[in-house]
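So the chains spell out like this:
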Amino acid sequence: MELSKRMKKISGSGTIRMLEIAKEREQKGQKVIHLEVGEPDFDTPQHIKDAAIKAMNEGFVKYTSSKGIPELREAIAWDIERRTGAEIKPNQVLVTPGGKHSILCAALTLINPGDEVLIPVPVWPSYKDIVNMAEGIPKEVIFEEDYSINEEEIKEAITPKTKVIIINSPNNPTGGALRKEEMKTIVDIVAEKGLYIFSDEIYDSLTYDAYKNTSILSFPELREQTVYFHGFSKTYSMTGWRLGYAVAPPKIVDAMSRIQQNSTTCATSFVQKAAVEALRGPQECVEEMRKEYDKRRKVIVNALNQIDGVSCPMPRGAFYVFPNISEYSNDSFQVAEKLLESKGVCLTPGKVFGSNGEGHLRISYAASLEDIREGIKKLEEFLHSL
């Protein structure tokens, strides 16, 4: 029996692959410093956990509406207006079990077989696989090392088959972020060509040096062509809770909901109650985490740029750096695997983030300062050994 043809186009996650290799080594007794996964090392704030426990104790453990409980959809609409100034109605919100699922629902809703989807790279590799699941054609658009746009590359990539462009700002893996004028350039192109835009802004609360993210939702002229994605994993350190959401025109939300009804049914009931508390409750925890990431960001960039032959721009957001190690090697898979084997430091090969990611490594600073310092020291030792 053969697998479906579709599976030939769907690769495994490069970040999860490295994590799994590292876990195997840990089971054999090797100590591993984990700098590969984009997972906050903070616990979920207590008031959010308390809200989930309260909901469970009160028996809120049944199915909910596939679109999400009304109070959470209302809280999301309120929070978006608070953060971006955009007026959103609850009927424009779909709550999903993780942000990744909302992107898949949108892709299955809007992408026909053979539609081209522009994906600026370097970027999170799951976008490409999700487009492949929808039987679309992912098409790379080369952005700069700090995720700055290349306007001509975008325009040249558009064909009569182009349906969607996916942007991710602040960006995984670079930590780069689009400036307001860059967002406006993309908006103008999308409006002119009649495309849809998928905007993944899950890191928008984690920005630094007075940079403020310009949301796609702040361009009302594009609202009918926009699907916006966000979630609770990064902002509130709720990775294992699996809760995300999408914002789109009601017609698209209704269609995405039908996919959810026939796949996951709904997001977990008591997790949705916890998410209401996350949004409506105290926000000091978010700022405390952001400040700690900022400290780590400065330490890791400074340490990397002190390594001869390595260059690393200062990220504006998220919790990743994407240093260029091409003076040592242009095989990032080999570097990552041998570094893990010889030094016990787990990073992600740059190649998984697109064709221009080769010669780089993605390093997450959602780890302790102690692990960051030790991990970069071991990386330097390893590179010099090459």
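Here, every reference points to the structure presented above.
Let me sum up the structure you'll find in this document.

Parameters and conventions
Residues numbered from 1 in each chain as written. Predicted model: local features only at pLDDT ≥ 70, side-chain atom pairs only at ≥ 80, totals over all residues. Heavy atoms only, no water. Patch = residues over 30% accessible without salt bridge, like charges linked within 9 Å, V, L, I, M, F, W, Y side chains within 5 Å. Areas by Shrake-Rupley, 256 points an atom, 1.4 Å probe, with all protein chains shown as cover. Salt bridge = Lys/Arg side-chain N within 4 Å of Asp/Glu carboxyl O. Helix = DSSP H or I, 4+ residues; strand = E, 2+ residues; numbered from the N terminus. Pairing = 2+ DSSP bridges. Buried < 20%, exposed > 50% of the residue type's maximum accessible area, 1.4 Å probe, protein only. Right-handed = clockwise from strand over helix to strand, strands pointing away. Lys, Arg positive; Asp, Glu negative; His and termini not counted. Polar contact = N/O pair within 3.5 Å; in protein donor to acceptor, adjacent residues only side chain to side chain. Axes fitted to C-alpha atoms, helices over the stretch in contact; angles between N-to-C directions.

## Quick look at a nonpolar patch on the surface
Turning to step 1, where the next piece is worked out: Together, Ile53, Met56 and Val61 make up an exposed nonpolar region whose accessible area comes to about 240 Å².
Turning to step 2, where the next piece is worked out: For Ile53, the location among the structural elements is in helix 2 (residues 46-57).

## Looking at the sheet that holds strand 12 (residues 361-364)
Turning to step 1, where the next piece is worked out: Here 3 strands make up an open sheet; going across it, the order is 9-12-11 and the pairing antiparallel. With one partner strand each, in any of the chains shown, strand 9 (320-321) and strand 11 (348-349) form the two edges of the open sheet.
Turning to step 2, where the next piece is worked out: Of the strand pairs in this sheet, strand 11 and strand 12 are connected by 2 bridges, and their pairing is antiparallel. Bridging across to strand 12, Pro349 finds its partner in Leu361.

## Structural notes on the pairing of strand 5 (residues 162-168)
Turning to step 1, where the next piece is worked out: Counting buried positions over the 7 residues of strand 5 gives 6, a clear majority of the element.
Turning to step 2, where the next piece is worked out: Relative to strand 5, strand 3 (residues 116-121) runs parallel, the two sharing 3 bridges. Paired with Leu118 across the two strands is Ile165, which belongs to strand 5.
Turning to step 3, where the next piece is worked out: Where strand 5 meets strand 6 (residues 196-200), 5 bridges bridge the pair, whose relative direction is parallel. Within strand 6, the position partnered with Ile167 by the bridge is Ser199.
Turning to step 4, where the next piece is worked out: A crossover connection joins strand 5 to the parallel strand 6 through helix 7 (residues 180-193); in handedness this β-α-β unit is right-handed.

## Points about the side chain of Arg362
Turning to step 1, where the next piece is worked out: Along the chain, Arg362 falls in strand 12.
Turning to step 2, where the next piece is worked out: With no salt bridge to any partner, buried Arg362 finds its closest opposite charge in Glu36, at an N-O distance of 7.5 Å.
Turning to step 3, where the next piece is worked out: One polar contact links the side chain of Arg362 to the main-chain carbonyl oxygen of Glu36, over a distance of 2.4 Å.

## A closer look at the sheet that holds strand 4 (residues 137-142)
Turning to step 1, where the next piece is worked out: Judged by pairing direction, the sheet is mixed, and its 7 strands sit side by side in the order 2-8-7-6-5-3-4 without closing on themselves. The open sheet terminates on both sides in strands that have one partner only, identified here as strand 2 (93-96) and strand 4. With direction set aside, neighbouring strand axes in the sheet form an average angle of 20°.

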